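The chain contents come next:
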Amino acid sequence: RPGLPKETAAQVAAVLRPGNSPAKRGALGLLTRLLQRLRAAFPGVILRVRLDGGFASPEVLDFLEGEAVAYVVAMASNARLVKRVRRLLGRARMRSKASGETAALFGETRYATRKWRRKRRIVMKAEVVRHPGRDPKNNPRFVITNLAAAPEAVYQVYRERGDMENRLK
């Protein structure tokens, strides 16, 4: 809308649960109420949701897509995704070896778990982390998204989630 900043990020809810409660428990109800209120307060804006991997369920992803919400959701690594990021990780390892520094490269793939009804865009971060006195360590990461931006830009959107969490601590 005219007069509003192009992009504004804010933490709008936090829920404390017992440590043995699944992350997605109650998430759809909370998201439904939040989206209704945000759309009423800010008609016409594009809403974007960033979520940890505990929310990467078919129900949550289907809900976000049904609500036409932009999203970036972490996804746990698995054998298939590790296989897809392997070549990119090899390039990151060569770059890290040459520079002696941590190196990260970004890519994407289309992927579906057995429980998903269709393939979704997965952004991959292939990172090789270096700490003094230690061997280099592979650190692949994955996020599910419907954003159209370049993989590195999408991953940066996801990383902003951590900044918000740190403010809460």
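Scroll up for the structure.
Residues numbered from 1 in each chain as written. Predicted model: local features only at pLDDT ≥ 70, side-chain atom pairs only at ≥ 80, totals over all residues. Heavy atoms only, no water.

### So, the packing of helix α1 (residues 27–41) against helix α2 (residues 58–66)
Logical step 1: In the contact formed by α1 and α2, the axes pass within 11 Å of each other and the chain directions differ by 15°. By the angle between their axes, α1 is roughly parallel relative to α2. Along this stretch, α1 crosses α2, giving a crossing that reads as right-handed. Between α1 and α2, the residues in contact are Leu-28, Leu-31, Thr-32 and Leu-35 and Glu-59, Val-60, Phe-63 and Leu-64, respectively.
Logical step 2: For the contact of α1 with α2, the residue count by class is six nonpolar, one polar and one charged. (Axes fitted to C-alpha atoms, helices over the stretch in contact; angles between N-to-C directions. Helix = DSSP H or I, 4+ residues; strand = E, 2+ residues; numbered from the N terminus. Parallel < 35°, antiparallel > 145°, perpendicular 65-115°, else oblique. Left-handed = near helix turned anticlockwise from the far one by under 90°. Contact = heavy atoms within 4.5 Å. Nonpolar A, V, L, I, M, F, W, Y, C, P; charged D, E, K, R; others polar.)

### Some details on the pairing of strand β4 (residues 120–129)
Logical step 1: Where burial is concerned, most of β4 is hidden: ten out of the ten residues are buried.
Logical step 2: Side chains of β4 alternate between two faces, with Arg-120, Ile-122, Met-124, Ala-126 and Val-128 and Arg-121, Val-123, Lys-125, Glu-127 and Val-129 buried alike.
Logical step 3: Relative to β4, strand β3 (residues 103–111) runs antiparallel, the two being bridged by nine bridges. Bridging across to β4, Phe-106 finds its partner in Lys-125.
Logical step 4: Here β4 runs beside strand β6 (residues 141–145); their pairing, made up of five bridges, is antiparallel. (Buried < 20%, exposed > 50% of the residue type's maximum accessible area, 1.4 Å probe, protein only. Pairing = 2+ DSSP bridges.)

### Some thoughts on the environment of Arg-118
Logical step 1: Looking at the element boundaries, Arg-118 is found in the loop between β3 and β4.
Logical step 2: Exposure remark for Arg-118: the relative accessible area of 40% places this residue in the partly exposed category.
Logical step 3: Placed 60 residues apart in sequence, Arg-118 and Pro-58 show a C-alpha to C-alpha distance of 9.9 Å.
Logical step 4: Each residue touching Arg-118, except ones within four places of it in the same chain, is listed here: Glu-65, Arg-110, Tyr-111 and Ala-112.
Logical step 5: For Arg-118, the side chain forms a polar contact with the side chain of Glu-65, separated by 2.7 Å. (Polar contact = N/O pair within 3.5 Å; in protein donor to acceptor, adjacent residues only side chain to side chain.)

### Quick look at the side chain of Glu-127
Logical step 1: Structurally, Glu-127 is set in strand β4.
Logical step 2: At 3.1 Å, the side chain of Glu-127 and the side chain of Lys-125 are in polar contact.
Logical step 3: Reaching out from Glu-127, the side chain makes a polar contact with the side chain of Asn-139 at a distance of 2.6 Å.
Logical step 4: When sequence neighbours within four positions are dropped, the list of residues in contact with Glu-127 reads Leu-89, Thr-102, Ala-103, Ala-104, Lys-137, Asn-138, Asn-139 and Pro-140.

### Some words on the packing of aromatic side chains
Logical step 1: Within this structure, the stated rule accounts for three aromatic pairs.
Logical step 2: Each ring, one from Phe-106 and one from Tyr-155, has its centre 5.8 Å from the other, and the planes form 45°; the classification is tilted. Highlighted residues: Phe-106 in strand β3 and Tyr-155 in helix α4 (residues 151–168), separated in sequence by 49 residues.
Logical step 3: Using a relative accessible area of 23% as the deciding quantity, one classes Phe-106 as partly exposed.
Logical step 4: Counting every residue linked through ring pairs, the aromatic cluster contains Phe-106, Tyr-155 and Tyr-158.
Logical step 5: Taking the ring centre of Trp-116 as reference, the NZ or CZ of Arg-120 above it sits at 5.0 Å. (Phe/Tyr/Trp six-rings, centres within 6.5 Å; stacked < 30°, edge-to-face > 60°. Lys NZ or Arg CZ within 6 Å of the ring centre and 35° of its normal.)

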